[in-house]
Amino acid sequence: MSDGRLDLDADSVGRDLVALVLTVLELLRQLMERQALRRIDAGGLSEEQVERIGTTLMLLDQRMAELCAQHGLRPEDLNLDLGPLGTLLPRD
């Protein structure tokens, strides 16, 4: 008989928390990428600045992939389903 307590698996809770944090980081990374692309498209950046932005975005993408792999997550695991609103992250 249940005593009304919620039985939580510490590993599951920890993995879900990591997934939530990585989801927020991925959302921020994608927003920064879009903003950087808008700045590049608008012009006014030097070739060096464009190169630096490109390198930074590639490194951020690579690091996110490493963090997902380290915690046993796939990139699609980070895309929360918001019901009728669709998914949190755009699908590529």
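Bear in mind that the values here come from a model prediction, so they are computed numbers and not experimental data.

Each value, and the rule that gives it
- Every chain is numbered independently, its residues counted from 1 as its sequence is written.
- Per-residue local features are limited, in this predicted model, to residues with pLDDT of at least 70; the limit for side-chain atom pairs, both in listing and counting, is 80 or more; totals at the level of whole chains, interfaces and linings are taken over all residues.
- Only heavy atoms go into the side-chain values, all of them from the structure, while hydrogens and water stay out.
- A pair is scored as a salt bridge if a Lys or Arg side-chain nitrogen falls within 4 Å of a carboxyl oxygen belonging to Asp or Glu.
- Here a strand is any run of E in DSSP of at least two residues, a helix any run of H or I of at least four, and the numbering for each starts at the N terminus.
- Exposure categories follow from relative accessible area, calculated using a 1.4 Å probe and restricted to protein chains: below 20% of the type maximum is buried, above 50% is exposed, and the middle band is partly exposed.

*Asks:* Is there a simple way to think about the pattern of salt bridges in this case?
*Replies:* Any two side chains of opposite charge can pair if their charged atoms end up close together. Applying the stated criterion to the full structure yields 7 salt bridges. A salt bridge links E26 to R29; its shortest N-O distance comes to 2.8 Å. Taken together, the residues E26 and R29, both in helix α1 (residues 10-42) and 3 residues apart, mark about one turn of the helix. E26 sits in the buried class, given a relative accessible area of 10%. We note a salt bridge from R74 to E76, for which the minimum N-O separation is 3.4 Å. Residue R74 is classed as partly exposed on the basis of its relative accessible area, which comes to 47%. Within the structure, one salt-bridge network assembled from shared partners comprises E26, R29, E33 and D61.

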